[in-house]
Structures are given as structure tokens and as C-alpha cells.
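What follows is the residue order along each chain.
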Amino acid sequence: MSNSAKTKRHMRRNAPTIVVIQHSTLARTTVVKLLERELAGWNFIDMISTESLDRALGAEVRLIALDLAGRGVESTSLRDDLAAIAVRFPEVPITLLLGTDNVDIARQALKMGIRGFFSTSLPIDIALAGLRLVLAGGTFCPQLLGTVANGSNEHPPAGNEAERSLDDRTQYLAIADFTPREADVLAELQCGCSNKVIAGKLNLSGHTVKMHLQHIMRKLQAQNRTEVVARLVRRADGEHDVSPS
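Residues numbered from 1 in each chain as written. Predicted model: local features only at pLDDT ≥ 70, side-chain atom pairs only at ≥ 80, totals over all residues. Heavy atoms only, no water.

Peer 1: Explain the environment of Glu38 to me, using residue names and the numbers behind them.
Peer 2: Looking at the element boundaries, Glu38 is found in helix H2 (residues 25-38). Counting along the chain gives 142 residues from Glu38 to Pro180, while the straight-line C-alpha distance between them is 5.4 Å. In contact with Glu38, other than residues within four places in its own chain, are Leu128, Arg132 and Pro180. At a separation of 3.3 Å, a polar atom in the side chain of Glu38 contacts the side chain of Arg132. (Helix = DSSP H or I, 4+ residues; strand = E, 2+ residues; numbered from the N terminus. Contact = heavy atoms within 4.5 Å. Polar contact = N/O pair within 3.5 Å; in protein donor to acceptor, adjacent residues only side chain to side chain.)

Below, the structure written as C-alpha cells:
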């Protein structure tokens, strides 16, 4: 990618931004091109390592995707990367890009505050669902939900736990059904923006924003804006809207 293209993306400072940190040029550019197609109007800044993080300063960073690159969760290198991110973007959620579905890695990383796990075995629709869930304030960890296409090394849960995992998978698929613009509106909604502010940020009319909100509420079976956010957060935390029988 040319420097001019990177500068063009970097200079869209009013646009919500995702930072992709991945050493492999092919993997990095593939992820960025996919996201550019799915999240129209968003800004994407890609880099080889956290040493280039200062390029993103001043941008409205909403999420940072960091490549695990075969490192252990307890590795000094990963901890240094997380520390570098925390200094510059302390409130921004971090997700890991990894080539394994190792459940232990996911559990360890969750304790460290990682908000999403995206392995190469994930179907694209599930990965995009997870991305939108994280942008909406949730946590995406298919390794612990049994949603990875190739399965996990653990035995599948029985009884109510099996039903719970199935319900969580259904939730992710439902979120994947959001259009790119609905996902944009949902992310702004999670930040507490009013319809007028959302319209200005996304260059939409107020009527169009209301239409997207109606579609979002219908898909989540929510009655209002507050309930939309509450449902996403509750479900991301593993809670459900119905009481267990």
C-alpha cells in the first residue's frame, strides 16, 4: 500500500478508526480490505508493530486488533505491546488475531482485559459478528463458546450449558446480519451519541438514522436505544433475557 493511501486514511480524523497491527503484509492488508468493504466510512490504520502507534494519535480509535504472532500470553513481548497500547489508548478495546483456537490462551487473555479473539479458523460472518459485538461494547470469545468451525479440544457442554452455547452462537449470527451502516450506527449508539450526532458523523440524514435504529431494535427485539445497548452488554457477559426454568 502506498504512503499516500495510508496518509489519506490517517487524515480522516473525524471517522471512527480501527488499528490493525500485524507483521505479515498479506494478512494485514487482507484484513484491512475486508473491513473497508464491511465498514464503509470508517478509517483503518495498519502497521507492522506497536512501534508505529503514534501514527494513530489524534484519530478516533475505536478498536485495536493486535497479532499474537505465535507468542504466549505471558510473553514479555506481548505484555510490552499491550503496555504501549495502554499508554496511548487506555480506553480502547483490544482484540487478538491468532492462528490457534487454544482455549487456555483465550482464558488467560480474558483475565488480561482482551475483548476479542479472532482465529484463522473462524468463518467470515462469525468474525464480522464478533467485531461488531466488540465495537458495541461486548466481548467476543468463540473459543469458550464452542463456536469455532473446527471445534475445541474440550468436551461439548451438556444440558443447559449446551443450550447456552447454542444461544450464544445464534446471537453472533444475528449480529452478523446487521448491514455495515447499521453496525456503524450501533457503534455510535454504544458511545452515547444522539441521533443528530450520529447523522453528522456518518453523513446521514436524521430520517435515515432513525430507520437504521428501527431495524437494529427489531433485530435485537429491543424497545428503545437504552435497551439495545443493555441487551448487547448483558449477552456479551453471558446473561440472558429469560430466567432459567
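Peer 1: How would you summarise the packing of helix H9 (residues 195-202) against helix H10 (residues 206-220) if you had to cite specific residues and measurements?
Peer 2: A pair of packed helices is characterised by two quantities: the angle between their axes and the separation of those axes. Closest axis-to-axis distance for the H9/H10 pair is 9 Å, and the angle between their directions is 105°. By the angle class used here, H9 and H10 are roughly perpendicular. From H9, Asn195, Ile198 and Ala199 reach across to H10, where they touch Gly206, Val209, Lys210 and Leu213. Class assignment of the residues belonging to the contact of H9 with H10 gives a composition of four nonpolar, two polar and one charged. (Axes fitted to C-alpha atoms, helices over the stretch in contact; angles between N-to-C directions. Parallel < 35°, antiparallel > 145°, perpendicular 65-115°, else oblique. Nonpolar A, V, L, I, M, F, W, Y, C, P; charged D, E, K, R; others polar.)

Peer 1: Can you lay out the pairing of strand E4 (residues 94-98) for me, pointing to particular residues and giving the numbers?
Peer 2: E4 sits mainly inside the fold: five of its five residues count as buried. Residues Ile94, Leu96 and Leu98 point to one face of E4 and Thr95 and Leu97 to the other, with burial holding for every one of them. Alignment of strand E3 (residues 60-67) against E4, held across four bridges, turns out to be parallel. Among the inter-strand pairings, Ala65 is bridged to a residue of E4, identified as Thr95. This β-α-β element, E3 to helix H3 (residues 76-88) to E4, shows right-handed connectivity. (Buried < 20%, exposed > 50% of the residue type's maximum accessible area, 1.4 Å probe, protein only. Pairing = 2+ DSSP bridges. Right-handed = clockwise from strand over helix to strand, strands pointing away.)

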